[in-house]
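# Architecture at a glance
The residues making up each chain are set out below.
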Amino acid sequence: MNQNSIGKRISEVRKDRGYSGEQFAELVHITPVYARQIESEKSKKAPSLPLLIDICNTLRVSPDYLLRDLLINNEITEIHELETLWMTLPPSKQNLAVSMIKAALKCCEDSAE
């Protein structure tokens, strides 16, 4: 995906939150025309960093959600992967996973000394 995927995600979340284009534009302090340009898949408009922060706060969405198609794998991706694994484990296996992680970290600390 390209830069326009940000606009597509913004549009999807805005609609999911029940905001019209005009309401959304007012909440993030931009004109409705500029909001449409950002959301348009044909436009090359991208929000500035301060505007992106306002958009994330207004829509209650994380920047990594809006940017995920543009970023290579990073810490956030790995955290989401761990979270997905965690949520699929029954409680008894969650306890086992915590014990294993603690043991691995202790082993790393011991070998570093």
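Residues numbered from 1 in each chain as written. Predicted model: local features only at pLDDT ≥ 70, side-chain atom pairs only at ≥ 80, totals over all residues. Heavy atoms only, no water.

With that settled, consider the nonpolar core. Formed by 16 residues in total, the largest nonpolar core has its most connected members in I10, F24, I30, I55, L59 and L66. Of the residues forming this core, the biggest block, five residues, is contributed by helix α4 (residues 49-59). If we ignore the near neighbours within four places in the chain, the residues touching I30 are A25, A35, I38 and L51. (Core = buried A, V, L, I, M, F, W, Y, C linked by side-chain atoms within 4.5 Å. Buried < 20%, exposed > 50% of the residue type's maximum accessible area, 1.4 Å probe, protein only. Helix = DSSP H or I, 4+ residues; strand = E, 2+ residues; numbered from the N terminus. Contact = heavy atoms within 4.5 Å.)

As for its position among the elements, E22 is in helix α2 (residues 21-27). Assessed through its relative accessible area of 46%, E22 is described here as partly exposed. For the pair E22 and S40, spaced 18 residues apart in sequence, the C-alpha to C-alpha distance is 15 Å. Aside from chain neighbours lying at most four places away, what touches E22 is P32 and R36.

This part takes up the packing of aromatic side chains. Tallied over the full model, the rule gives zero aromatic pairs. When the ring centre of Y65 is taken as origin, the NZ or CZ atom of R9, which lies over that ring, is 4.8 Å away. (Phe/Tyr/Trp six-rings, centres within 6.5 Å; stacked < 30°, edge-to-face > 60°. Lys NZ or Arg CZ within 6 Å of the ring centre and 35° of its normal.)

Glancing now at the pattern of salt bridges. Inspection of every chain in the model, using the stated rule, returns four salt bridges. With a shortest N-O distance of 3.4 Å, R17 and D16 are connected by a salt bridge. D16 sits in the exposed class, given a relative accessible area of 60%. Across the pair R36 and E22 runs a salt bridge whose closest N-O atoms are separated by 4.0 Å. Residue R36 is found in helix α3 (residues 32-39), and its partner E22 is found in helix α2; the two are separated by 14 residues along the sequence. (Salt bridge = Lys/Arg side-chain N within 4 Å of Asp/Glu carboxyl O.)

This part takes up unusual backbone geometry. The phi dihedral of H29 is positive, around 65°, even though this residue is not glycine. Structurally, H29 can be placed in the loop between α2 and α3. Even without being a glycine, R60 presents a positive backbone phi close to 55°. Topologically, R60 is positioned in the loop between α4 and α5 (63-67). A residue is classified by how much of its surface remains accessible, and R60, at 56% relative accessible area, is exposed.

Another point: the side chain of T58. Tracing the backbone through its elements, the reader meets T58 in helix α4. There is a polar contact of 2.8 Å between the side chain of T58 and the backbone oxygen of D54. In this structure, T58 is in contact with Y19, L27 and V28, ignoring residues within four places of it in sequence. (Polar contact = N/O pair within 3.5 Å; in protein donor to acceptor, adjacent residues only side chain to side chain.)

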